[in-house]
Amino acid sequence: MSDNSIKFPMRTPLGRVRNLGSAKGGTHHWWMQRVTSIALLPLTLWFVFSAASLAGHSFEATQAWIARPFNAVLLLATIGLSFYHAAIGVQVVIEDYTRGELARQGGILAVKALCWILALMAGLAVLRIAV
Amino acid sequence: MSRNSDLRDATYVGLRTDGTRILRPKSPHLQVYDMLQITSGMSIGSRITGCAWTVGLLLMVWWLAAAASGPAAFANVQWFMSSFLGMLVLFGLSAAAWFHTLAGLRHLAWDFGYGCDMPAVHRTGRIVLIATAVMTVLTWLVAIIAWA
């Protein structure tokens, strides 16, 4: 197979140099899904058990927990990575199951906008308590 | 069959043996696969729990925003989270979160080239299901101890 691709190149010389396919993006989307998932493994473990151990805590106790620098930083990382991972994950689902360019692109952009707004809201809340 | 609204649909058009046209499924669709099979069941389960968790992130945003805005808003969150419906949603979310995390770990192992043979796929599938139950119970044990 590799012999044939040398004899009959289907890619332009520039494309070969850049090492990217016609989509121009290569494997970036796939790669980022994996990178964020690896980062989210320890963060999720920490967040789920932290949230569980905060059950029934008062307003003041919860604020004090969020305000601790260690917790605030990990919360910001969890928020950013979760919404990034969620946005590109839902994008794949939309690409797989929607018909029509308008529905596909409109859906993807709407999800991305929503994820941005929610991530900013959550991040601002953490900063307001912690700073 | 209606007219194609998407150019890409052209590659999915097939013919039945009687000559009528039919649209082939594009991606793993629920009606095509046996959902009791652990392979396809885990696959679609991973997607569904991912989507559920994405919606569940709304609860996290609400919780953080309420904690930032004041005791009255925070009391609303606590009222919902401790209600029957709230507990049910949180329990479902915690199970979905663990399933998606553990199934994701299985996918990462596949990406590294481990566990791709069929016996391993069946075995790790069952392990993910059992580990999801164990982690969910553990999470709620922590929550109940913190609550008491």
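Residues numbered from 1 in each chain as written. Chains lettered and ligands numbered in written order. Predicted model: local features only at pLDDT ≥ 70, side-chain atom pairs only at ≥ 80, totals over all residues.

## A few points about the overall build of chain A
- Check the secondary structure of chain A and you find six helices and zero strands.
- From first element to last, N terminus to C terminus, chain A shows the α and β order α-α-α-α-α-α.
- Per-residue burial for chain A yields a buried fraction of 21% across its 131 residues.
- A separation of at least 24 residues holds for 72% of the contacts in chain A among residues at least 6 apart in sequence. (Helix = DSSP H or I, 4+ residues; strand = E, 2+ residues; numbered from the N terminus. Buried ≥ 20, exposed ≤ 12 C-beta atoms within 10 Å, placed from the backbone. Contact = placed C-beta atoms within 7 Å.)

## A word on the overall build of chain B
- Counting its regular elements, chain B contains four helices and two strands.
- Put simply, chain B runs from its N terminus to its C terminus through helices and strands in the order β-β-α-α-α-α.
- Across the 148 residues in chain B, those meeting the buried criterion constitute 22%.
- Here the contacts in chain B between residues at least 6 apart in sequence split such that 49% fall between residues at least 24 apart.

## Concerning the UniProt feature "binding site: heme" (unreviewed entry) in chain B
- As recorded in UniProt, the feature "binding site: heme" (unreviewed entry) lies at B:H100.
- Ignoring anything within four residues of it in the chain, the contact list for B:H100 reads B:S46, B:T49, B:G50 and B:W53. (UniProt positions renumbered as here; feature names shortened; annotations may be inferred.)

## Some points on the packing of helix 4 (residues 59-67) of chain A against helix 5 (residues 69-97) of chain A
Residues and elements named next belong to chain A.
- Axis separation between helix 4 and helix 5 bottoms out at 5 Å; the angle between their running directions is 80°. Considering their axes alone, helix 4 and helix 5 lie roughly perpendicular with respect to each other. In this structure, helix 4 contributes W65, I66 and A67 to the contact, and helix 5 contributes N71, A72 and L75.
- For the contact of helix 4 with helix 5, the class distribution of residues is five nonpolar, one polar and no charged. (Axes fitted to C-alpha atoms, helices over the stretch in contact; angles between N-to-C directions. Parallel < 35°, antiparallel > 145°, perpendicular 65-115°, else oblique. Nonpolar A, V, L, I, M, F, W, Y, C, P; charged D, E, K, R; others polar.)

## Focus on the nonpolar core
- Ranked by size, the top nonpolar core spans 21 residues in total, and within it A:F83, A:A122, A:A125, A:V126, B:L64 and B:A67 carry the most contacts.
- Of all the secondary-structure elements, those providing two or more residues to this core are helix 5 and helix 6 (101-130) of chain A together with helix 1 (38-69) of chain B.
- With residues near it in sequence (within four places) discarded, B:L64 still touches A:A122, A:A125 and A:V126.
- Within the second largest apolar cluster, 15 residues are counted, among which are A:V48, B:V128, B:M135 and B:A143. (Core = buried A, V, L, I, M, F, W, Y, C linked by C-beta atoms within 7 Å.)

## A word on the interface of chain A and chain B
- Taken together, the 34 residues of chain A in the interface contact 29 residues of chain B.
- Only helix 3 (28-53), helix 4, helix 5 and helix 6 of chain A provide two or more residues apiece to the side of chain A that touches chain B.
- In terms of residues, the side of chain A that touches chain B owes the most to one element, helix 3 of chain A, which gives nine residues.
- The residue inventory of the side of chain A that touches chain B, partitioned by class, reads 20 nonpolar, nine polar and five charged.

## Describing the UniProt feature "transmembrane region" (unreviewed entry) in chain A
- Per the UniProt annotation, the sites labelled "transmembrane region" (unreviewed entry) are residues 38-59, 71-94 and 106-127 of chain A.
- Across residues 106-127 of chain A, helical content stands at 100% and strand content at 0%; the span's end C-alpha atoms are separated by 31 Å.

## Let's talk about the UniProt feature "transmembrane region" (unreviewed entry) in chain B
All names here are of chain B.
- Here, the residues flagged by UniProt with the feature "transmembrane region" (unreviewed entry) are residues 44-65, 77-99 and 127-147.
- Annotated as residues 77-99, this span is 91% helix and 0% strand, and its ends, taken at the C-alpha atoms, are 25 Å apart.
- Across residues 127-147, the secondary structure splits into 100% helix and 0% strand, with the terminal C-alpha atoms separated by 30 Å.

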